[in-house]
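# Examination of the molecular architecture
What follows is each chain in one-letter form.
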Amino acid sequence: KPGEQKHLKEPSSLQCMHLAVVACGDRLEETLIMLKSAVLFSSRRLCFHIFAEDSLKPEFEKKLKEWPSSYTKKFESNIYPITFSVGNAQEWKKLFKPCAAQRLFLPVILKDVDSLLYVDTDVLFLRPIEDIWHLLREFNSSQLAAMAPEHEIPKIGWYSRFARHPYYGSTGLNSGVMLMNLTRIRSTQFKNSLIPGGLSWEEMLYPLYQKYKNYITWGDQDLLNIIFYFNPECLYVFPCQWNYRPDHCMYGSNCRGAEEEGVSILHGNRGVYHDDKQPTFKALYEVIRDFPFEDNLFQSLYYPLQSRFLDTVHTLCGRVPQVFLKQIEKTMKKVYENRVIVYLGANHRY
């Protein structure tokens with residue numbers, strides 16, 4: 001309401017944009033391609049927080065060191081073991097996908113981090129991370145996290161048709177892209193269905209899981225939906241172009257924000273990067289994967305992408321190529337201006 005909003009200032013500690021991901025099993029390559037997309041387009045410094053099984057740690061360290069120095073100087077990385085501070089670790093590990101529940105414990109583990117962007121391994125950035133990071137400034141005084149709706153249309157949404165537990169809003173939330181003010185999460189007492197008074201984030205997690213474990217299908221995402229069902233004032237909802245999934249085009253285009261602005265963050269859930277069900281998503285993943293770091297972005301990324309999209313026009317997602325290309329083209333122009341035009345201008349000023 002007018003007069004009630006208190007916008008956050010971005011403190012100096014946020015000069016490093018914190019990005020977290022949880023990788024277990026066969027998610028090494030996916031995670032590296034996600035991190036690559038983040039580094040390719042962002043101009044600000046990044047801090048990667050990678051939570052991984054012990055067997056994957058040396059692989060992550062080796063692969064990240066192989067990147068060119070022009071990119072490795074743009075980020076620092078920390079790799080953590082999978083740990084759960086409350087409850088039964090084996091239960092948490094088996095919740096939905098391997099280790100996915102680790103994301104619920106980020107506010108507890110990363111005690112020195114003020115704000116954080118969490119993404120699933122199957123996410124690709126098509127514009128600079130700083131653009132979604134700026135949404136932290138839009139939080140009002142009660143908001144402490146941001147996510148996109150699970151679906152735009154309730155009658156074809158999963159939660160509105162099948163959920164057997166409380167969920168946020170009319171279509172629920174998708175947690176594959178989640179922006180968090182960890183400082184606020186740590187200091188908030190959350191309303192819940194367990195006791196009349198509030199509970200801290202850490203106190204709430206395991207009892208909430210115990211109460212609803214027989215009713216949840218999507219693991220940690222369902223628990224987040226339950227939490228924000230009881231605490232809707234704590235959530236900032238960002239539009240679908242920040243978490244664009246096959247659901248937004250495979251039944252016909254239903255993300256207006258992406259139609260107008262282009263996809264900002266691509267989320268290839270349903271394993272679409274690795275099969276032929278959604279070739280548009282697969283094309284984006286493979287072109288970014290195969291892009292040689294120091295090549296020309298237009299010549300070695302954008303033009304191959306356009307060419308690959310010609311083979312996807314027989315699909316509903318492939319019929320709207322401008323949705324996928326609009327933002328990435330704009331981003332590449334900005335990167336080009338920063339790297340070439342500004343550089344040349346500085347050297348030819350006199």
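As the structure is a computational prediction, the values presented were derived from the model and not from experiment.

### Details of the packing of helix H9 (residues 201-212) against helix H10 (residues 220-230)
- Close contact between H9 and H10 brings their axes to 10 Å; oriented N to C, the two are set at 110°. As summarised for this structure, H9 and H10 are arranged roughly perpendicular, according to the angle between their axes. The way H9 lies across H10 gives a crossing that is right-handed. Residues Trp201, Met204, Leu205, Leu208, Tyr209 and Tyr212 of H9 form the contact with H10, whose own contacting residues are Leu223, Leu224, Ile226, Ile227 and Phe230.
- In the contact of H9 with H10, the residues fall into eleven nonpolar, no polar and no charged.

### Side note on unusual backbone geometry
- Residues other than glycine seldom take positive phi values, yet Arg270 does so here, at roughly 65°.
- When you line up the elements, Arg270 lands in the loop between strand E9 (265-267) and helix H12 (279-290).

### Quick word on the side chain of Asn225
- With respect to the secondary-structure elements, Asn225 resides in helix H10.
- Judged by relative accessible area, Asn225 falls into the buried class, the value being 0%.
- Of the polar contacts made by the side chain of Asn225, one reaches the backbone nitrogen of Leu173; its length is 2.8 Å.
- For Asn225, the contacting residues outside a window of four places in its chain are Tyr159, Pro166, Tyr167, Tyr168, Gly172 and Leu173.

### Structural notes on the state of the cysteines
- Taken as a whole, this structure holds four disulfides when the rule is applied.
- Disulfide pairing places Cys24 opposite Cys99 at an S-S distance of 2.3 Å. Note on the Cys24 and Cys99 pair: the S-S dihedral is about -100°, so by sign convention the disulfide is left-handed. Linking Cys24 in the loop between strand E1 (17-23) and helix H1 (28-41) with Cys99 in the loop between helix H4 (89-93) and helix H5 (106-109), this pair joins segments that are 75 residues apart in sequence. Exposure class is identical for Cys24 and Cys99. Each is buried.
- The disulfide bridge from Cys249 ends at Cys317, spanning 2.0 Å between sulfur atoms. For the disulfide bridge between Cys249 and Cys317, the dihedral angle about the S-S bond is near 90°, and by the sign convention the bridge is right-handed. Highlighted residues: Cys249 in the loop between strand E8 (235-237) and helix H11 (256-261) and Cys317 in the loop between helix H13 (297-309) and helix H14 (321-347), separated in sequence by 68 residues. Across the pair, exposure class does not vary: Cys249 and Cys317 are buried alike.
- Should the bonded cysteines of the protein chain be numbered as they appear in the sequence, the pairing reads 1-3, 2-4, 5-7, 6-8.

### A short note on the pattern of salt bridges
- Under the definition given, this model contains 14 salt bridges.
- The salt bridge involving Arg103 is made with Asp120; its shortest N-O contact spans 3.9 Å. Taken together, the residues Arg103 in the loop between H4 and H5 and Asp120 in the loop between strand E4 (115-119) and strand E5 (123-125) connect sequence positions 17 residues apart.
- On the basis of relative accessibility, which here comes to 19%, the residue Asp120 falls in the buried class.
- Its salt-bridge partner being Arg245, residue Asp247 comes within 3.9 Å of it at the nearest N-O pair.
- With relative accessibility at 0%, the residue Arg245 sits in the buried group.

### Here we look at the packing of aromatic side chains
- Evaluated as defined, the whole model comprises 19 aromatic pairs.
- Taking the centre distance of 5.4 Å and the plane angle of 65° together, the rings of Phe190 and Trp201 count as edge-to-face. Remark: Trp201 occurs in helix H9 and Phe190 occurs in the loop between helix H8 (182-187) and H9; sequence separation between them is eleven residues. In terms of burial, Phe190 and Trp201 fall into one category: buried.
- Ring centres of Tyr302 and Tyr303 lie 5.9 Å apart, and the angle between their planes is 65°; this geometry places the pair in the edge-to-face category.
- Residue Tyr303 is classed as partly exposed on the basis of its relative accessible area, which comes to 47%.
- Members of the aromatic cluster, connected to one another through ring pairs, are Phe48, Trp67, Tyr71, Phe75 and Phe293.

### Focus on H12
- With twelve residues, H12 should cover 16 Å at 1.5 Å per step; its first-to-last C-alpha distance of 16 Å lies within 8% of that length.
- The element H12 is extensively covered by neighbouring structure, given that ten of its twelve residues are classed as buried.
- Within H12, the full set of buried residues consists of Pro279, Thr280, Phe281, Lys282, Ala283, Leu284, Tyr285, Glu286, Val287 and Ile288.

### A look at the side chain of Asn254
- Summarising the element assignment, Asn254 is placed in the loop between E8 and H11.
- Residue contacts for Asn254: discarding those within four places in its chain leaves His151, Glu152, Ile153, Asp247, His248 and Glu259.

### Digging into the nonpolar core
- If you look at the biggest cluster of nonpolar residues, it comprises 75 residues, and the most contacted ones within it are Leu19, Leu117, Phe125, Tyr244, Leu266, Phe324 and Ile328.
- The greatest single-element share of this core, amounting to nine residues, is contributed by H1.
- For this core, the domains that each give at least three residues are domain 1 (17-238) and domain 2 (241-345).
- Those residues within four positions of Phe324 in sequence are excluded, and the remaining contacts are Leu126, Tyr244, Cys249, Val263, Leu266, Thr280, Phe281, Leu284, Phe309 and Cys317.
- Ranked by size, the runner-up nonpolar core spans 41 residues in total, among them Leu110, Tyr118, Tyr168 and Leu224.

Calculation notes
Residues numbered from 1 in each chain as written. Predicted model: local features only at pLDDT ≥ 70, side-chain atom pairs only at ≥ 80, totals over all residues. Heavy atoms only, no water. Axes fitted to C-alpha atoms, helices over the stretch in contact; angles between N-to-C directions. Helix = DSSP H or I, 4+ residues; strand = E, 2+ residues; numbered from the N terminus. Parallel < 35°, antiparallel > 145°, perpendicular 65-115°, else oblique. Left-handed = near helix turned anticlockwise from the far one by under 90°. Contact = heavy atoms within 4.5 Å. Nonpolar A, V, L, I, M, F, W, Y, C, P; charged D, E, K, R; others polar. Buried < 20%, exposed > 50% of the residue type's maximum accessible area, 1.4 Å probe, protein only. Polar contact = N/O pair within 3.5 Å; in protein donor to acceptor, adjacent residues only side chain to side chain. Disulfide = S-S within 2.5 Å. Salt bridge = Lys/Arg side-chain N within 4 Å of Asp/Glu carboxyl O. Phe/Tyr/Trp six-rings, centres within 6.5 Å; stacked < 30°, edge-to-face > 60°. Expected span 1.5 Å × (residues − 1). Core = buried A, V, L, I, M, F, W, Y, C linked by side-chain atoms within 4.5 Å. Domains from an automatic or database assignment.

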